[in-house]
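# An overview of the molecular structure
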Amino acid sequence: MSALDAGARSDPLAAGPVRDGARTPPGRRPVSLTHRPVTGILLISPAMALVAFFALIPIVFAAYISFTNWPLIGDYRFVGLENYRLALADPGMWKALRYTVLYTAIVTVPILVLGYGLAVLVRANRPGATVLRTVFFTPYVVGLTTLSYMLVLEAQPDSGALNRILAGLGLSDGTTAWLLDGVLATVLLSALVIWAVPGLTMILLLSAMQGVPQDVYEAADIDGATWLRRELSITVPIIRPAIGMSLIISVIGSFLAFNQFFILTKGGPGTDTTTIVGHIYNRAFVELQLGSATAMSLILVVFTALVTIAQFVLLKGSDD
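All of the points below concern the structure found in this document. (Residues numbered from 1 in each chain as written. Predicted model: local features only at pLDDT ≥ 70, side-chain atom pairs only at ≥ 80, totals over all residues. Heavy atoms only, no water.)

## A look at the overall build of the protein chain
Stated precisely, the cut-off is as follows: Strands here are runs of E lasting at least two residues and helices are runs of H or I lasting at least four, both read from the DSSP assignment and numbered beginning at the N terminus. When checking whether two residues touch, look at their non-hydrogen atoms; a contact exists if any pair is within 4.5 Å. In these tables, accessible area is a Shrake-Rupley quantity obtained with a 1.4 Å probe, and a residue counts as shielded only by the protein chains included in the view.
Looking only at helices and strands, one finds 15 helices and two strands in the protein chain. Nonlocal contacts in the protein chain, meaning residues at least 24 apart in sequence, comprise 61% of its contacts between residues at least 6 apart. On the protein chain, roughly 19500 Å² of surface is accessible, and the fraction owed to carbon and sulfur atoms is 69%.

Below is the structure:
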């Protein structure tokens, strides 16, 4: 036996793994004898087809529409980047975007704080905890659309329950036109969302809290830690990924807010409560300019993606 053969036999990395008495030739990837590559491709092909049909193809088609002057009715022609230039120069879009950012800043922190508080309240296995979870989550299940239609009736001057309650408390004369003033309408819309949405945050944080080891809390109790110290030093660091996910979902949902604004104010008075999605809706279905509206939609997608990436980076930095 030559020295070269002896070295090859003594070096286990010189050849591939042994399969049924034979080695896989060097440099060749082992092939599974039980699961062929085509099997995996066949298993994921239905999901890939759904993603392509409902996500990739519409995105590509939307990108194509954004380069045209596509009207809702009639012929269209290719205009290149003109829609994007006009969108970036549109003061109405920037006003709607500023209002959307303001609305997002108003509702995001209260939703997180209330959701965390509700999760703390129902996480213990005390009597009635299951009922409370259902009660707190019900507004989110009912949905902002239904709640908005109810609020339209309750916010009417003279006849709505909201004005009657405030008049009974001596805080109003009972004739406040909540939906005809931009500031009051924003306050009302924000209050509606802050009341309805924390149930989702509660569920997300509750599922994370239930994974915190109890022996960590017991050790903290032995050390004499207060409830607040336990939450800040144990619970919050451990469930930080769930908190980050809740923030991202809340911010994206606020950027895409439309139903409650359309039902309650239709963007008014004037354009004082017009969100960016509302502005895009008006451009597409009121002004009948689908090409321009699609360009704005893609700009919004990019903007939302950048905000989401920034949140990921900030949350990752806080973890480090």
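Further notes follow.
## What about the packing of helix α4 (residues 91-122) against helix α9 (residues 198-209)?
The line we're drawing: Lines fitted to the C-alpha atoms define the axes, with helices restricted to the stretch that makes contact. Angles between their N-to-C directions range from 0 to 180 degrees. Angle categories: roughly parallel below 35 degrees, roughly antiparallel above 145, roughly perpendicular from 65 to 115, and oblique for all the rest. What makes a crossing left-handed is the near helix being turned counterclockwise from the far one by less than a right angle; a clockwise turn instead makes it right-handed. When residues are grouped by polarity, Ala, Val, Leu, Ile, Met, Phe, Trp, Tyr, Cys and Pro land in nonpolar, Asp, Glu, Lys and Arg in charged, and all others, Gly among them, in polar.
With their axes 7 Å apart at the nearest point, α4 and α9 run at an angle of 50° to one another. Looking at the two axes, α4 sits oblique to α9. Crossing of α4 against α9: the hand is right-handed. Where α4 abuts α9, its residues Ile111, Leu112, Leu114, Gly115, Tyr116, Leu118, Ala119, Val120 and Val122 lie against Pro198, Thr201, Met202, Leu205, Leu206 and Met209. Residue composition of the contact of α4 with α9, grouped by class: 13 nonpolar, two polar and no charged.

## A look at unusual backbone geometry
We apply this condition: In this scheme, a residue with accessible area under 20% of its type's maximum is buried, one over 50% is exposed, and one in between is partly exposed, where area comes from a 1.4 Å probe on protein chains only.
A cis geometry characterises the amide bond from Gly268 onward to Pro269, with omega recorded as 0°. With respect to the helices and strands, the residue Pro269 is situated in the loop between α13 (259-264) and α14 (276-285). Even without a glycine there, the phi angle at Lys266 is positive, about 55°. Looking at the secondary structure, you find Lys266 in the loop between α13 and α14. Overall, Lys266 belongs to the exposed group, its relative accessible area being 59%. Despite not being glycine, Leu288 shows a phi value in the positive range, around 60°. Taking relative accessible area as the criterion, Leu288 reaches 32% and is therefore assigned partly exposed.

## A few points about the nonpolar core
Note the following rule: Residues belong to one nonpolar core when they are buried, are Ala, Val, Leu, Ile, Met, Phe, Trp, Tyr or Cys, and are joined through side-chain atoms within 4.5 Å.
Counting residues in each nonpolar core, the largest one holds 22 residues, and the members touching the most others are Tyr103, Ile111, Leu188, Phe261 and Leu264. Those elements that provide at least two residues to this core are α4, α6 (144-154), α8 (182-196) and α13. Element by element, the count of residues in this core is highest for α8, at six residues. Filtering out sequence-adjacent residues up to four positions away, Tyr103 remains in contact with Ser190, Val193, Ser254, Ala257, Gln260 and Phe261.

## Section: the packing of aromatic side chains
Which entries qualify depends on this criterion: Aromatic contacts are taken between Phe, Tyr and Trp rings whose centres are within 6.5 Å, Trp giving its six-membered ring; a plane angle under 30 degrees counts as stacked, one over 60 as edge-to-face, and the others as tilted. Here, a charge over a ring is recorded when the distance from Lys NZ or Arg CZ to the ring centre is within 6 Å and its angle to the ring normal is within 35 degrees.
What the rule picks out here adds up to 14 aromatic pairs. With a centroid separation of 5.5 Å and 65° between ring planes, the pair formed by Phe255 and Phe303 is classed as edge-to-face. Here Phe255, found in helix α12 (residues 240-255), pairs with Phe303, found in helix α15 (residues 290-319); they are 48 residues apart in sequence, far enough to count as distant. Aromatic ring contacts, followed pair by pair, group Phe61, Tyr64, Trp70 and Tyr76 into a single cluster. The side chain of Lys266 reaches across the aromatic face of Phe262, ending 5.3 Å from its centre.

## Quick word on the environment of Thr304
Tracing the backbone shows Thr304 in helix α15. For the pair Thr304 and Val251, spaced 53 residues apart in sequence, the C-alpha to C-alpha distance is 8.7 Å. Not counting residues within four places of it along the chain, the set of residues in contact with Thr304 comprises Ile252 and Phe255.

## Some thoughts on the environment of Ala295
Tracing the backbone through its elements, the reader meets Ala295 in helix α15. For Ala295, a relative accessible area of 0% puts it in the buried group. Residues Ala295 and Tyr84 lie 211 residues apart in sequence; the distance between their C-alpha atoms is 5.8 Å. Look past the residues within four positions of Ala295 in its chain and what remains in contact with it is Ser66, Asn83 and Tyr84.

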